Amino acid sequence: MVVAAMLYEAFPHEAEGALSQRFSALVRREALADVARSLSLGQRLAFGRGEKAAGGRDNPANLADACEAVIGALYIDGGLDAAERFIRRYWAPVMTAAPDPPRDPKTRLQEWTQSRALGLPAYRTLSSTGPAHSPVFEVEAEVAGLGKAVATGATKRAAEQDAASALLSRIADGGDG
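For clarity, every value in this text was computed on a predicted model and none was experimentally measured. (Residues numbered from 1 in each chain as written. Predicted model: local features only at pLDDT ≥ 70, side-chain atom pairs only at ≥ 80, totals over all residues. Heavy atoms only, no water.)

Sorry if this is basic, but what is going on with the pairing of strand β2 (residues 136-143) here?
Note on strand geometry: in a regular strand, side chains alternate between the two faces of the sheet. Direction of pairing for strand β1 (residues 122-129) relative to β2: antiparallel, over a ladder of seven bridges. Looking at β2, one finds that T125 is bridged to V139. Taken together, β1 and the strand that follows it, β2, pair antiparallel across an intervening segment of six residues, in which G130 is found at a positive phi of about 90 degrees. (Pairing = 2+ DSSP bridges. Helix = DSSP H or I, 4+ residues; strand = E, 2+ residues; numbered from the N terminus.)

Would you mind going over helix α5 (residues 60-97) with me for this structure?
Owing to its 3.6 residues per turn, the α-helix brings residues three or four apart onto one side. Relative to the 56 Å expected for 38 residues at 1.5 Å per residue, α5 spans just 21 Å between its end C-alpha atoms, considerably shorter than the ideal helical length. The sharpest bend along α5 comes to roughly 140 degrees, located at G78. Considered for burial, the residues of α5 that qualify are N62, L63, A64, A66, C67, I71, A82, A83, F86, I87, W91 and M95. Summarising the contacts, the buried residues of α5 are in contact with α1 (2-10), α2 (16-27), α3 (29-38) and α4 (49-53). Measuring from the side-chain oxygen of the N-cap residue of α5 to the backbone nitrogen of A61 gives 2.7 Å; that N-cap residue is N59. (Expected span 1.5 Å × (residues − 1). Bend = angle between axes of the 7 residues up to and from the residue. Buried < 20%, exposed > 50% of the residue type's maximum accessible area, 1.4 Å probe, protein only. Contact = heavy atoms within 4.5 Å. Polar contact = N/O pair within 3.5 Å; in protein donor to acceptor, adjacent residues only side chain to side chain.)

I tried to follow unusual backbone geometry on my own but got confused; where do I start?
Trans is the common state for peptide bonds, and a negative phi is the common state for residues other than glycine. Here S40, not a glycine, exhibits a phi torsion of approximately 55 degrees, which is positive. Within the secondary structure layout, S40 lies in the loop between α3 and α4. S40 sits in the partly exposed class, given a relative accessible area of 34%. The phi angle at A117 is positive, at roughly 55 degrees, despite the residue not being glycine. With respect to the helices and strands, A117 occurs in the loop between α6 (105-115) and β1.

What should I look at first to understand the environment of L39 in this one?
Structurally, L39 can be placed in the loop between α3 and α4. Residues L39 and C67 lie 28 residues apart in sequence; the distance between their C-alpha atoms is 9.1 Å.

Which parts of the structure should I look at to understand the nonpolar core?
Nonpolar side chains tend toward joint burial in soluble globular proteins. Among the nonpolar cores identified, the biggest contains 23 residues, and L7, C67, I71, I87 and W91 are the most heavily contacted of them. Going through the elements one at a time, α1, α2, α3 and α5 are the ones with two or more residues in this core. Top element by residues in this core is α5. It accounts for 10 residues. Listed in part, the 11 residues of the second largest apolar core include L109, V143, A149 and A163. (Core = buried A, V, L, I, M, F, W, Y, C linked by side-chain atoms within 4.5 Å.)

This is a description of form; function is not addressed.
Encoded structure:
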């Protein structure tokens, strides 16, 4: 709610779709993890030996959860005003850093293929390995006639984004982008 209000205040004339892209980028796991990193929250979390050894202090899911917990604690302890002050302080610089709405690699690849009547990119999960608390997904992105790219990530979404990015880079290197 606070991020939505901030966006509307900062970009009152922007189209709904652009605001939606900005909103998604600001409230997703990666943004929460970035704020947590800026606060060194990972260093303040208590973990068992296994999670510590698996890099739990820098795991984006753990960091995002910790950041959400801080916001929740601020809200419970100090009400909406306290939570809003925190959110505005740490999200305002990120929100105003980019003049244009962010477009993730999957969106950019889809827009590129559709503008050339190539259809939608296809994504296929090749494997999922690792323990439940720290999975690794391997995903393939393909555009018919342009080839495939494979990437890994801690979530399917992250692997898809990286595969789309790799495919975009290959297209750009080939002079098609």
